[in-house]
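Listed below, chain by chain, are the residues.
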Amino acid sequence: MKQLFIFILSFLTIFTTDSQNLQNNTSNPFAKLRCGDIFPKKCKESKFRTMDGSCNNKLNPTWGMTYTRYGRIIPANYDDGFHLPRLSTNGNVLPLARILSRVFSPDKKILDKKYSALAAQWTQVVTHDILLTDERPNTTDSNCCSDEGKLVRDPAHYPLCYPALVPKDDKDFGSSGTECLNSFIRKYTDVDRGCSPRNGFANQLVITTHFLDLSIVYGSTDEEASSLREFKGGRLLSETRNNKKWPPHSDTCKKEAKVCYRNGDKRANVGIQLAFFSVILFREHNRIADELARLNPHWNDEKLYQEARRIYIAISQHITYYEWVPIFLGENNSYFYRLIYNSTEYVNDYNPSLDASTSNEAATAIFRSFHTILSGDANLVNERRDPPCQFANVNELFNDPSMIEKGDNFNLLVRGIATQQQEAYDQYYNKELTGRVNLGPGFVKSDARALDIHRGRDHGLGTYNQYRKFCHLPKAKQWNDFSDYISSKNIENLRRIYESPDDVDFTVGATLEEAIPSSLLGPTFHCLLTSEMYRKRVGDRFFYESKESDHPFTVDQLNEIRKATISRLLCDNSEIKSIQRRGMEIISRKNPLVSCNSISKIDLSLWRDKCQ
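Residues numbered from 1 in each chain as written. Predicted model: local features only at pLDDT ≥ 70, side-chain atom pairs only at ≥ 80, totals over all residues. Heavy atoms only, no water.

Visitor: Explain the overall build of the protein chain here, please?
Guide: Broken down by element type, the protein chain carries 19 helices and twelve strands. For 612 residues, the compact-globule estimate of 2.2 N^0.38 gives 25 Å, and the C-alpha radius of gyration of the protein chain, at 24 Å, lies within 12% of that figure. For the C-alpha atoms alone, the extent of the protein chain along its principal axes is close to 75 × 60 × 50 Å. Out of the 612 residues belonging to the protein chain, those deemed buried represent 62%. Taken as a whole, the protein chain presents about 24600 Å² of accessible surface, with 50% of it coming from carbon and sulfur. Computed over 80 positive and 76 negative side-chain charges, the separation of the two mean positions in the protein chain equals 3 Å. (Helix = DSSP H or I, 4+ residues; strand = E, 2+ residues; numbered from the N terminus. Rg over C-alpha atoms; globule rule 2.2 N^0.38 Å. Buried < 20%, exposed > 50% of the residue type's maximum accessible area, 1.4 Å probe, protein only. Areas by Shrake-Rupley, 256 points an atom, 1.4 Å probe, with all protein chains shown as cover. Lys, Arg positive; Asp, Glu negative; His and termini not counted. Charge placed at Lys NZ, Arg CZ, Asp CG, Glu CD.)

This is how it looks when you write it as structure tokens:
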């Protein structure tokens, strides 16, 4: 594997950004601004990030900005080279995504022996922080599938319609007469939004910032951020119920929902785990702002808000790179983790030539593959950590997090997510995600895994073989050439379903790979995620360990931030009394429960003005 890691470093400088080969389009200045083709303002020196991610890179101020294109590891693989989903190498329709899901991702519950559901939850935080694709509305032109899952229009006459079809003999959907998954609609592209295509093909747009900057908490535009602020004491808006602070109300939940949370991420209420964790994330900002206000009573609201946000983003980045990254990429295999491990000074490797923009491959395949570690139920656990007798089902509580505020449920969920084992990272998916997942009001039950596969074709991802070649793994010419990392049983099923090794979908093949030792991912996903997380750090001028920003943290402040842990985050924003020190690992003899009082806190007094 040494050659693989050497290659990863060598290709970081050739990441395909869409900032080259521009085609002129002067007919719609707003569209060009929206897609990041122009930037009319001059970047100002600032201690703080912009809300929309602009001006992070002074030479390329739109890199990583909201409403800009995904990056591409390899050029898009569309059938017409522009936007039509690909066909097989023989010109035939590819196997149905639902069949692939049923064969390769059946329901088989295998629990991770080391990591807790908190690792899976932070995975969703990282994912939602750096990507949300611009969505097309559900119209006659864009959807040939009715609310009841019936194919009501001929896709041949509607170019934007690309239904995720269901086979008639489907054991989960066939008996109900479901013909298609109605929650699938092709995503908007730059061309749809009035922008010129880059590199000759259409590309999808990201409506969050591309940086790890807690846009899920603060929003990705100035307007969105303002709507979430109290404008007093630097705090975020809150509502008080039962003497506790909760995020402001949203009107995006079910009509019968008594509680619905609003933050910078419109997906906050989709799952019960997302909903209750959004409360944790919201409370942490206000906790920091209140402490800074106590230390610096002369600071105004704007100063308190921006300083609290800056510290909080640093905390979240530290948790991501020192707790989450080593789990999925491995301490021994992750080049950038070894670089910063046990550092007590700045890590000055900011590279303005690296674009930190989220790649389409990461957004549409790698991060979606993490659905395999999600459970269908969230455990409610008491302070004694007795075996749970209460469970919160994801689908039953879709867009209705009301149960979070009943009794002591919030604290029970906090303990549960740190106690419960995450499901293993493997090819198997929980049935709640592949046969019963509820993806919207009025929608029929759907299959998240099938939609992930189908989405890869919509976005023009390359094939598994193309990414193997890119990562310097042998390109398979015959089926048995996949045997270096895929089992003989899975190879036989691939042979039975696909026409050629060159037809295998990227996310299907890469998910079947055996993991690299000490990591959770196979070599192809590992190669690409290593690049993704490296660029997210080295391509971010404001990264918390860098001295390259206009106003870096002092070394003493930086070393305080390095005390941050996800366990401390939970203790500070709930009423739990104990937790294991390494919260993303399950409770064990080597990682026992300890009092929250014994877990290190960040000393915010280092942010006290010396001149007051």
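Visitor: Quick question: what am I supposed to make of the packing of helix 7 (residues 272–295) against helix 11 (residues 409–419) here?
Guide: One can describe the packing of helix 7 onto helix 11 by two numbers: an axis separation of 10 Å at closest approach and a directional angle of 95 degrees. With respect to their mutual orientation, helix 7 and helix 11 come out roughly perpendicular. For the pair helix 7 and helix 11, contact is made by Phe-276, Val-279, Ile-280 and Arg-283 and by Phe-410, Leu-413, Val-414 and Ile-417, respectively. (Axes fitted to C-alpha atoms, helices over the stretch in contact; angles between N-to-C directions. Parallel < 35°, antiparallel > 145°, perpendicular 65-115°, else oblique. Contact = heavy atoms within 4.5 Å.)

Visitor: Teacher, can you tell me more about the packing of aromatic side chains here?
Guide: Enumeration according to the criterion identifies 20 aromatic pairs in this entry. Both rings, one in Tyr-321 and one in Phe-543, keep their centres 5.3 Å apart while their planes meet at 90 degrees; by these two values the pair is edge-to-face. Remark: Phe-543 occurs in the loop between helix 17 (523–538) and helix 18 (555–561) and Tyr-321 occurs in helix 8 (residues 301–329); sequence separation between them is 222 residues. For Tyr-321, a relative accessible area of 0% gives the class buried. On the accessibility criterion, Phe-543 (3% relative accessible area) is buried. Judged by centre distance (6.1 Å) and plane angle (65 degrees), the ring pair of Trp-479 and Phe-482 falls under edge-to-face. Overall, Trp-479 belongs to the buried group, its relative accessible area being 10%. An aromatic cluster of at least three residues, connected via ring pairs, comprises Trp-122, Trp-246, Tyr-261, Phe-276, Phe-277 and Phe-410. It is Arg-34 that lies over the ring of Tyr-67; its NZ or CZ is 4.2 Å from the centre. Stacked on the ring of Phe-410, the Lys or Arg Arg-283 has its end atom at 4.7 Å from the ring centre. (Phe/Tyr/Trp six-rings, centres within 6.5 Å; stacked < 30°, edge-to-face > 60°. Lys NZ or Arg CZ within 6 Å of the ring centre and 35° of its normal.)

Visitor: Would you explain the side chain of Asp-540 in this entry?
Guide: Position of Asp-540 among the secondary structure elements: in the loop between helix 17 and helix 18. Asp-540 gets classed as buried once you look at its relative accessible area, which sits at 0%. Among the polar contacts listed, one links the side chain of Asp-540 to the side chain of Arg-49, at a separation of 2.7 Å. Looking at Asp-540, its side chain comes within polar contact range of the side chain of Asn-56, at 2.8 Å. (Polar contact = N/O pair within 3.5 Å; in protein donor to acceptor, adjacent residues only side chain to side chain.)

Visitor: Looking at this structure, I do not really get the state of the cysteines. What am I missing?
Guide: Disulfides are covalent bonds that connect the sulfur atoms of two cysteines. Tallying each qualifying case throughout the model produces seven disulfides. A sulfur-sulfur distance of 2.0 Å marks the disulfide that ties Cys-43 to Cys-55. Taking the sign of the torsion about the S-S bond as the criterion, the disulfide between Cys-43 and Cys-55, at about -85 degrees, is left-handed. In this pair, Cys-43 is assigned in the loop between helix 2 (29–34) and strand 1 (68–69) and Cys-55 in the loop between helix 2 and strand 1, connecting sequence segments twelve residues apart. Residue class for Cys-43 comes out partly exposed when judged on its relative accessible area of 25%. (Disulfide = S-S within 2.5 Å.)

Visitor: Please explain the environment of Leu-132 as it appears in this structure.
Guide: Inspection of the secondary structure puts Leu-132 in the loop between helix 4 (117–130) and strand 3 (164–165). Taking the relative accessible area as the measure of exposure, Leu-132 reaches 10% and is therefore buried. Taking the C-alpha atoms as reference points, Leu-132 and Lys-266, separated by 134 residues in sequence, lie 9.5 Å from one another. In this structure, Leu-132 is in contact with Tyr-70, Leu-205, Val-206, Ile-207, Thr-208, Lys-266 and Arg-267, ignoring residues within four places of it in sequence.

Visitor: Even after reading the chapter, I still don't get the nonpolar core, so can you show me in this structure?
Guide: A general feature of soluble globular proteins is that nonpolar side chains tend to end up buried together. The biggest cluster of nonpolar side chains holds 132 residues, and the ones touching the most others in it are Trp-122, Phe-277, Trp-324, Phe-367, Phe-370, Ile-404 and Leu-494. Broken down by element, this core gets its largest block of residues, 16 residues, from helix 8. Among all residues touching Trp-122, those that are not within four sequence positions of it are Phe-277, Leu-281, Ser-316, Ile-319, Thr-320, Trp-324, Ile-566, Leu-569 and Met-584. (Core = buried A, V, L, I, M, F, W, Y, C linked by side-chain atoms within 4.5 Å.)

Visitor: What exactly am I supposed to notice about the packing of helix 8 against helix 17 here?
Guide: Each pair of packed helices can be summarised by the angle the axes make with each other and by the distance between the axes. For the pair helix 8 and helix 17, the least separation of the axes is 11 Å and the interaxial angle reads 170 degrees. Between helix 8 and helix 17, the angle is such that the two are roughly antiparallel. With respect to the hand of their crossing, helix 8 and helix 17 are arranged in left-handed fashion. Between helix 8 and helix 17, the contacting residues are Thr-320, Tyr-321, Trp-324, Val-325, Phe-328 and Leu-329 on the first element and His-526, Leu-529, Thr-530, Met-533, Lys-536 and Arg-537 on the second. Taken together, the residues of the contact of helix 8 with helix 17 break down into seven nonpolar, three polar and two charged. (Left-handed = near helix turned anticlockwise from the far one by under 90°. Nonpolar A, V, L, I, M, F, W, Y, C, P; charged D, E, K, R; others polar.)

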